[in-house]
Each structure stands twice: as C-alpha cells, then as structure tokens.
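# Observations on the model geometry
If you want the building blocks of each chain, they are given just below.
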Amino acid sequence: MPSGSETDAVEAGTTATRATRGRSRIPWRFLGGRAVFYLFTLWAAITINFFLPRMMKGDAVTQYLSRNRNVSPEAADALRSLLGLDTDKSLWQQYVDYWALLLRGDLGVSLLHGLRPVTEVIGQSLPWTIGLVGFATIVSFAIGTIGGAIVGWRRGSRLDALIPITTFLSTIPYFWLGLLAIALFSVNLGWFPIGKAYGVGMSPEFSPEFIGQVVHHGTLPAATIIIASLGGWMLGMRNMMLTVLDEDYVMVAEAKGMPRKRVLWGYAARNAVLPQIQSFALSIGFIVGGTIVMEMVFSYPGVGKLLLDATNAKDYALMQGVFLVITLSVLLANLLADVAYAFLDPRTRQTEA
C-alpha cells in the first residue's frame with residue numbers, strides 16, 4: 001500500500017513509477033549541469049566566431065580598400081587597429097582584446113554601414129526579424145502542436161488528411177512559395193504589397209498609420225512562413241501522440257472513466273509535447289537569424305538580409321556580431337527549454353534524486 005507522499009503513474013501524468021505530491025522540488029543539480037554545459041558551448045562558439053574570419057582569405061579592410069582606392073596607408077592601418085586586425089599584435093593578444101571588448105558590450109564597427117557600431121546596426125534590424133519571423137514561428141508552433149495532438153487523438157478519422165496536405169506544403173521550396181504568394185495576392189489580386197516592411201515615404205514611428213503599414217506589409221511573408229513550417233510541427237506532434245497513446249498510464253486513465261479532454265490534454269498531450277519544446281528551442285536560431293530567403297524575396301529589412309549583405313561585403317565585425325546574437329539566442333532558448341522540461345517531466349527530477 002503506497003504511502004500518502006506517493007501516487008501512481010497515472011496521477012503523475014507520466015510513465016514514471018512514482019512522483020511526489022505537492023510542490024515540485026527544483027532540480028538544481030540538473031539545471032546546474034546544463035548551465036555549465038551551455039557556458040562551455042558559449043565559450044567554444046565565441047572562440048570559433050573569433051578565429052573563423054581570420055582564417056578566411058583577406059580581411060574586411062582589404063575588401064574595403066578594393067572599393068575605396070583613395071584611402072591612405074595610414075588610414076588603412078588605423079582601420080585594422082580599430083577592427084582588431086592589427087598585425088603588430090599576436091593572435092593571442094587579439095583574442096584577449098576581443099574578449100575584453102565583448103565583456104564591455106562592444107562588438108566593433110561596421111565598414112558596410114559607415115563605421116557605425118555593430119550593436120546599433122543589429123539593433124535596428126533585430127526587431128523586424130523578431131516581430132515577423134518570431135510571431136510566425138510561434139503561431140505555426142501553436143497551431144501545429146494543437147492540431148497534431150487532435151489529429152493523433154482522433155487517429156483514423158478524416159482529420160488524418162491534414163497531415164499529407166501540410167507535409168506537401170512544407171516540401172515546396174520557400175523561394176517558390178514566396179514568389180507564388182506575391183504573384184497571386186500582390187500582383188494579380190493586389191491585396192498585399194510586394195515587399196518592404198512599410199510603405200515608401202513612411203518613417204518609423206509609433207502611430208496607428210505606421211503600425212497598420214507594418215501589419216499590412218508583414219501579413220503575406222508571415223503567412224508563407226506559417227504555411228511552410230506548419231507541416232513539421234503537426235507531423236511531429238501527431239507521431240508523438242501515437243506513441244504516447246499506447247502507454248499504460250493513458251490506457252489506465254481511460255479505463256478509469258476520466259473525461260476524454262482531461263486524458264487528451266492532461267496526460268497524452270502533456271507528455272507528447274516535450275520533444276516539441278526542444279525542437280522549438282532549436283528553431284529560435286531560425287527566428288533570430290531570420291529566413292534569409294524570405295527577406296530576399298520580400299525585401300524585408302531583417303537580420304537575415306543584414307547577414308547576407310555583411311557576408312558579401314566581407315564585413316567581418318558585422319558578421320561576428322550577427323553570429324554572436326544568433327548563438328546567444330539559441331543557447332538561451334535551449335536552456336529555457338531544459339528548465340521547462342525539468343518542471344513538466346517528473347522523471348527529470350527523479351534522475352537527480
């Protein structure tokens with residue numbers, strides 16, 4: 001006979017054989033281990049971010065001089081010193097200086113944008129990407145996860161037809177999907193503008209007119225992102241639901257006569273969504289990095305287009321800054337996903353115990 005501090009696996013909502021009632025214990029050992037892992041990964045990513053541009057042929061100053069031949073040798077040396085490419089310093093000293101600048105929040109200056117600080121350049125493009133791609137990704141994740149749970153729960157019904165339809169739409173190259181959307185809804189029907197983030201002649205300001213312009217211009221690219229990524233979320237959740245529905249605790253919950261909605265959302269979907277959370281954390285890099293193809297097709301001023309321009313111009317400081325922002329976003333998102341995992345799945349807490 002189990003004691004009052006224990007409950008069976010059905011009441012816990014997982015395949016665990018035992019779970020603790022009341023307030024869940026915080027898995028400090030698990031979270032501490034993950035934090036150490038992510039700190040090491042951050043150091044490795046920053047180190048690679050430092051060495052990779054220096055392993056490439058030429059440098060940003062050489063590329064800049066090829067476009068501006070009237071720059072004096074003294075000015076070129078000053079630019080190399082400003083960008084941390086001073087040949088008088090050893091590679092180790094440059095690495096130490098790079099870390100010192102990072103700890104002060106200084107990512108250098110962008111030659112492509114007239115020696116403006118990289119943080120300022122990225123700060124102007126990042127909100128556009130987060131606002132559009134972030135919103136579209138969250139909506140796609142929510143619709144796909146909820147829809148996949150319902151399709152998996154009602155397996156064998158007509159809802160199964162949604163899986164091949166959404167999967168087919170996900171296989172269409174985004175470049176073609178965006179062009180088809182522009183041709184149909186912008187050129188033929190004239191419902192949406194062809195591109196840009198807002199109308200010509202408008203200046204960014206917090207006003208109803210400008211917000212309406214942003215929403216109007218962002219509807220078509222956001223809709224194409226949702227359509228292109230919906231199939232993956234729905235298929236993944238549906239497959240996990242089919243696996244979870246065969247677990248003992250779900251069948252016992254149904255045998256006890258619990259309400260079907262409670263069994264669906266409180267037991268089956270709660271456990272099936274765990275891998276989805278991890279996949280969503282990995283897609284954060286997609287959100288911050290932006291869909292370069294989408295921003296090219298719709299001429300959207302996001303981080304993806306900024307990274308493409310910096311790569312073409314060999315603006316290494318800007319490239320490093322964008323890569324650093326993407327890396328930090330992905331690591332932070334995965335850390336938060338691990339925290340959510342630890343609180344949603346009691347087996348994580350039991351592993352620590």
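One structure accompanies this document, and this report is about it.

Calculation criteria
- Residues numbered from 1 in each chain as written.
- Predicted model: local features only at pLDDT ≥ 70, side-chain atom pairs only at ≥ 80, totals over all residues.
- Heavy atoms only, no water.
- Helix = DSSP H or I, 4+ residues; strand = E, 2+ residues; numbered from the N terminus.
- Buried < 20%, exposed > 50% of the residue type's maximum accessible area, 1.4 Å probe, protein only.
- Contact = heavy atoms within 4.5 Å.
- Areas by Shrake-Rupley, 256 points an atom, 1.4 Å probe, with all protein chains shown as cover.
- Polar contact = N/O pair within 3.5 Å; in protein donor to acceptor, adjacent residues only side chain to side chain.
- Phe/Tyr/Trp six-rings, centres within 6.5 Å; stacked < 30°, edge-to-face > 60°.
- Salt bridge = Lys/Arg side-chain N within 4 Å of Asp/Glu carboxyl O.
- Expected span 1.5 Å × (residues − 1).
- Bend = angle between axes of the 7 residues up to and from the residue.
- Arc of directions from axis to C-beta.

### Let's talk about the overall build of the protein
The helix and strand tally for the protein stands at 17 helices and four strands. A buried classification covers 41% of the 353 residues belonging to the protein. Within the protein, contacts between residues at least 6 apart in sequence are counted, and of these 74% link residues at least 24 apart. A total accessible area of about 19,000 Å² is found for the protein, and carbon and sulfur atoms account for 66% of it.

### Quick notes on the side chain of S140
Residue position: S140 is located in helix α6 (residues 118–153). Judged by relative accessible area, S140 falls into the buried class, the value being 0%. Polar side-chain contacts of S140 include one of 2.9 Å to the side chain of S229. Those residues within four positions of S140 in sequence are excluded, and the remaining contacts are I226, S229, L230 and W233.

### Some thoughts on the packing of aromatic side chains
By the definition in use, this model includes 10 aromatic pairs. Ring centres of F40 and W43 lie 5.8 Å apart, and the angle between their planes is 35 degrees; on these two criteria the pair is classed as tilted. With F40 and W43 both in helix α2 (residues 28–55) and three residues apart, this pair spans about one turn of that helix. For W43, a relative accessible area of 42% corresponds to the partly exposed category. A centroid spacing of 5.3 Å and a plane angle of 40 degrees characterise the contact between F50 and Y98, whose relative ring orientation is tilted. With F50 in helix α2 and Y98 in helix α5 (residues 91–103), this residue pair connects regions lying 48 residues apart in the sequence.

### Regarding the environment of T327
By the element assignment, T327 lies in helix α16 (residues 316–344). Along the primary structure T327 and A45 are separated by 282 residues, whereas in three dimensions their C-alpha atoms are 7.2 Å apart.

### Remarks on the pattern of salt bridges
A side chain with one charge can pair with a side chain of the opposite charge if their charged atoms come near. Using the criterion set out here, one finds two salt bridges in the structure. In this structure, E120 engages R116 in a salt bridge whose closest nitrogen and oxygen atoms are separated by 3.1 Å. Note that D309 is salt-bridged to K305, the shortest N-O span being 3.4 Å. One end of the pair, D309, and the other, K305, are both in helix α15 (residues 303–313), four residues apart, so they sit about a helical turn from each other. On the basis of relative accessible area, D309 is assigned to the partly exposed category, the value being 29%. Assessed through its relative accessible area of 31%, K305 is described here as partly exposed.

### Some thoughts on unusual backbone geometry
Positive phi values are uncommon outside glycine, yet S299 reaches one of about 50 degrees. Turning to its location among the elements, S299 is positioned in the loop between α14 (292–297) and α15. Look at S299 and you get partly exposed, because its relative accessible area is 31%.

### Quick word on helix α9 (residues 208–244)
A rise of 1.5 Å per residue sets the reference length of α9, with its 37 residues, at 54 Å; its end C-alpha atoms lie only 47 Å apart and thus fall more than 12% short of the reference. The sharpest bend along α9 reaches about 40 degrees and sits at T219, with the proline P221 one to four residues further on.

### Focus on helix α10 (residues 248–255)
Of all the positions in α10, only Y249, V250 and A253 are classed as buried. For α10, the buried positions fall inside an angular range of 100 degrees around the axis, keeping them on one side. Across from the buried face of α10, at angles greater than 90 degrees, the exposed residues are D248 and A255. Of the residues one or two after α10, G257 is the one with positive phi, at around 80 degrees.

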